[in-house]
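Residues per chain, in single letters:
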Amino acid sequence: MSIHIEKLNYVYQSGTPFSHRALTDVSLDIADNTYTAIIGHTGSGKSTLLQHLNGLLKPTSGSLTVENNKITAETKNKELNDLRRHVGFVFQFPEAQLFEETVLKDIAFAPKNFGKSDEEAEQIAVKMAKLVGLPDSVLQKSPFELSGGQMRRVAIAGVLAMEPQILVLDEPTAGLDPKGRLEMMEMFDRLHKEQHLTIILVTHQMNDVANYADHVIVMEKGRVIADSQPAEIFSDPEWLKAHHLGLPQTTAFAAKLQQQGVPFKTLPLTEAQLAAQLADMMNEQGGGLRG
Amino acid sequence: MSGIIDIKDLCFRYSQENEELDLSHIDLHVNEGEWLAVIGHNGSGKSTLAKAIDGLIAPEAGEIYIDGEKLTDQSLWNIRKKIGMVFQNPDNQFVGADVEGDVAFGLENQGIEREEMHARVKEALEVVGMQDFAQHEPVRLSGGQKQRVAIAGVLALRPKIVIFDESTSMLDPEGRMQIISLIRQLNKKEGFTVLSITHDIDEASLADRVIVVDDGKIIDDSLPQDLFQKGNQLIEIGLDVPYPQRLKGELAQRGIDLPQEYMDEGSLVNWLCRSILKN
Ligand SMILES: Nc1ncnc2c1ncn2[C@@H]1O[C@H](COP(=O)(O)OP(=O)(O)OP(=O)(O)O)[C@@H](O)[C@H]1O
Ligand SMILES: Nc1ncnc2c1ncn2[C@@H]1O[C@H](COP(=O)(O)OP(=O)(O)OP(=O)(O)O)[C@@H](O)[C@H]1O
Ligand SMILES: [Mg+2]
Ligand SMILES: [Mg+2]
């Protein structure tokens, strides 16, 4: 499913003394079956933008079109049902989307709601719980009596159980342990590659942008200040620095080596790329010495 | 020597029906002024340990001493004044109608006089970079802004012990490092004790000491450099390996011979430069 956003503005509590402008003149396109990373500082408007994608927020002015559903300030909530079915949304804080009595019921909610029998829905839930690494011992517990990372996993499982076509992920790995983080990012990547889900990821982890995304949008103070590809964005450390954004760890590390005189033609984005380049340089060295 | 936190054989379970203990025979001694990082996989018991120290849950066995005083129903209120805790989800701790009021709330409760209170609120909001949002409603902030305000609320109280439960997990890397280094400076200058629960290996590497929690037990208690040398063993218990260690692994796979000992970023950069640019 593709997304087209045109001149979108959003003002919180519009028309009150507390009105607060969060998005200004945002226009962008997200093609079907792409993996988009949205990056930017605290408060730059990333979550506000995401919440438009399933109609949780409606533009104050301007519009967005998700496949054939156009959403403007006038769109009625019931016109959004079809859209919401296809857009899976993992919120920044997982508690915000948990509500059932047990973990299993929580995950089974969407499949049941979309017409699966109780039994089928439960089977899907058990499968999803396994997929996100939840231990069996928590399945009958209340989702609110879990650790932070376990809640996160339940929220993700519940969204996957919807079988969405677009996956909207707002810092989905915050609170996960490193192993869980990696497994979850690899799983999203598989869904993207094998089942062709369109993925939109908000993250502060430049490593994830370098490793997974094919499209990057940079937000600053409610505006889109760059719309590009990872290799492109990370080839300009000066620009990133000026906007207080970081580099992937590998690129930053390689830049330090470069400063000391190690010759890189282009700065690598991933560990494997860097290790391969360094190994080549060292083997050349070794060969030179031996010969 | 008595520490600021002393835990002896602490056991806890959330429900009598649980066969396994959620905290199992915990012994922990923390010195005043120490910065202790607490790491471990999801569900290992880190937040539960923090809640026990703050007297929010009652142990089934064992004892907790805070600043030399035993934690009991009677001493609870006195002890809590010494502890400031930032919860994993900041929404669970906002009480004020606006950011300023929220940060001031705990101070009002402690009977701090107005002038002093204003000064402390202002200072705390500046440390976390939220002075421009003083009049905003805490629940109507972005994720990272909420975390900043929650941290300010605890800093303003100037407690003897600060517990951060993944309190910077939603900050951008630059903002996170700024806040952490500011708190680190305060910790060195004012001598309060920090317990920082984190999944961020870089943050943990700044600590004086790191404990690893697994299945409700403390399974490791080391200096950061000693812990991170364990490489793949860390991954097995669900932890990350610091970047230089990971890169060393990738290089080793490609047949490059590297020194065995733990190398931080600077020493790995130096070593690589020497090997590549040796003529
Ligand atoms: N419910 C709300 N009511 C009023 N203002 C809000 C609300 N939610 C967010 N804001 C404000 O809108 C701006 C954008 O917030 P948003 O949550 O979109 O930021 P973000 O880029 O997701 O930041 P973070 O990385 O911290 O999560 C911020 O200045 C924030 O204070
Ligand atoms: N309120 C609760 N009621 C019952 N069980 C709970 C409650 N909170 C946590 N648990 C359980 O206790 C165990 C330890 O949870 P805890 O929250 O201490 O983990 P944690 O180490 O903080 O994990 P995370 O990294 O995910 O935050 C987990 O198995 C969890 O399911
Ligand atoms: Mg956000
Ligand atoms: Mg926790």
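Conventions and cut-offs
Residues numbered from 1 in each chain as written. Chains lettered and ligands numbered in written order. Predicted model: local features only at pLDDT ≥ 70, side-chain atom pairs only at ≥ 80, totals over all residues. Heavy atoms only, no water. UniProt positions renumbered as here; feature names shortened; annotations may be inferred. Buried < 20%, exposed > 50% of the residue type's maximum accessible area, 1.4 Å probe, protein only. Helix = DSSP H or I, 4+ residues; strand = E, 2+ residues; numbered from the N terminus. Phe/Tyr/Trp six-rings, centres within 6.5 Å; stacked < 30°, edge-to-face > 60°. Donors = N, O, S within 2.8 Å, 3.2 Å for Na, K, Ca; no water. Pairing = 2+ DSSP bridges. Axes fitted to C-alpha atoms, helices over the stretch in contact; angles between N-to-C directions. Contact = heavy atoms within 4.5 Å. 1 Å grid on protein atoms, 1.4 Å probe; cavity = no way out; pocket = protein on both sides within 12 Å on 5 of 7 lines; lining within 4 Å. Points joined across faces, edges and corners; volume = space filled by probe spheres on them. Nonpolar A, V, L, I, M, F, W, Y, C, P; charged D, E, K, R; others polar.

- For chain B, an unreviewed UniProt entry supplies the name Energy-coupling factor transporter ATP-binding protein EcfA1 and the organism Ligilactobacillus pabuli.
- The Sequence similarities (unreviewed entry) comment attached to chain B in UniProt states, word for word, "Belongs to the ABC transporter superfamily."
- Looking at the Subcellular location (unreviewed entry) heading of the UniProt record, one finds this comment for chain B: "Cell membrane".

- Going by an unreviewed UniProt entry, chain A carries the name Energy-coupling factor transporter ATP-binding protein EcfA2 and comes from Ligilactobacillus pabuli.
- Within the UniProt record for chain A, the comment given under Subunit (unreviewed entry) is "Forms a stable energy-coupling factor (ECF) transporter complex composed of 2 membrane-embedded substrate-binding proteins (S component), 2 ATP-binding proteins (A component) and 2 transmembrane proteins (T component)."
- Looking at the Sequence similarities (unreviewed entry) heading of the UniProt record, one finds this comment for chain A: "Belongs to the ABC transporter superfamily. Energy-coupling factor EcfA family."

## Topic: helix α1 (residues 46-53) of chain B
Here is step 1: Across the eight residues that make up α1 of chain B, a large majority, six, are buried.
Here is step 2: Where α1 of chain B terminates, the next one or two residues include G55 of chain B, which has phi positive at roughly 70°.

## Concerning the packing of aromatic side chains
Here is step 1: By the definition in use, this model includes six aromatic pairs over all chains.
Here is step 2: With 6.3 Å between their ring centres and 15° between their planes, Y35 of chain A and Y212 of chain A make a pair best called stacked. Residue Y35 of chain A is located in strand β3 (residues 35-40), and its partner Y212 of chain A is located in helix α7 (residues 206-212); the two are separated by 177 residues in the primary sequence. For the pair Y35 of chain A and Y212 of chain A, a shared accessibility class is recorded, and that class is buried.
Here is step 3: When the ring of F12 of chain B is compared with that of Y14 of chain B, the centres are 4.9 Å apart and the planes differ by 85°; the resulting orientation is edge-to-face.

## Observations regarding the coordination of the magnesium ion (ligand 4)
Residues and elements named next belong to chain B.
Here is step 1: On the protein side, the magnesium ion (ligand 4) has S47 (OG) and Q88 (OE1) as donor atoms, found 2.0 to 2.4 Å from it. Here the residue S47 occupies a position in helix α1, and Q88 occupies one in the loop between β6 (83-86) and α3 (99-109), the gap between them amounting to 41 residues.
Here is step 2: Owing to a relative accessible area of 22%, Q88 belongs among the partly exposed residues under this scheme.

## Comments concerning the sheet that holds strand β10 (residues 217-222) of chain B
Residues and elements named next belong to chain B.
Here is step 1: Taken together, the six strands give an open sheet; going across it, the order is β6-β7-β8-β3-β9-β10, and neighbouring strands pair in mixed fashion. Each edge of the open sheet is held by one strand with a lone partner, namely β6 and β10. Here the average twist between neighbouring strands, direction ignored, is 15°.
Here is step 2: Where strand β3 (residues 35-39) meets strand β9 (residues 209-214), four bridges bridge the pair, whose relative direction is parallel. Bridge pairing links I39 to V212 in β9.
Here is step 3: In the packing of helix α5 (residues 143-157) onto the sheet, contacts are made with β6 and β7 (161-165), and the angle to β6 comes to roughly 180°.
Here is step 4: Relative to β3, helix α6 (residues 173-190) is tilted by about 135°, and along the sheet it contacts β3, β7 and β8 (193-197).

## Quick notes on empty space enclosed by the protein
Rolled over the atoms, a probe with the dimensions of a water molecule shows which regions are left empty.
Residues and elements named next belong to chain B.
Here is step 1: A complete count under the given rule lists three cavities of 30 Å³ or more for this structure.
Here is step 2: Approximately 130 Å³ is the volume attributed to the largest cavity.
Here is step 3: The wall of the largest cavity is formed by 13 residues, among which E123, L155, R158, L186 and E190 lie closest to the centre.
Here is step 4: Every element with two or more residues in the lining of the largest cavity is listed here: α4 (114-127), α5 and α6.
Here is step 5: When residues in the lining of the largest cavity are grouped by element, the largest group, four residues, is from α4.
Here is step 6: Looking at side-chain class alone, the lining of the largest cavity contains nine nonpolar, no polar and four charged residues.
Here is step 7: What the second largest cavity holds in volume is close to 50 Å³.
Here is step 8: Lining the second largest cavity we find W35, I151, F164, S167, T168, I180, I183, S196 and E203.
Here is step 9: Tallied by class, residues from the lining of the second largest cavity come to five nonpolar, three polar and one charged.

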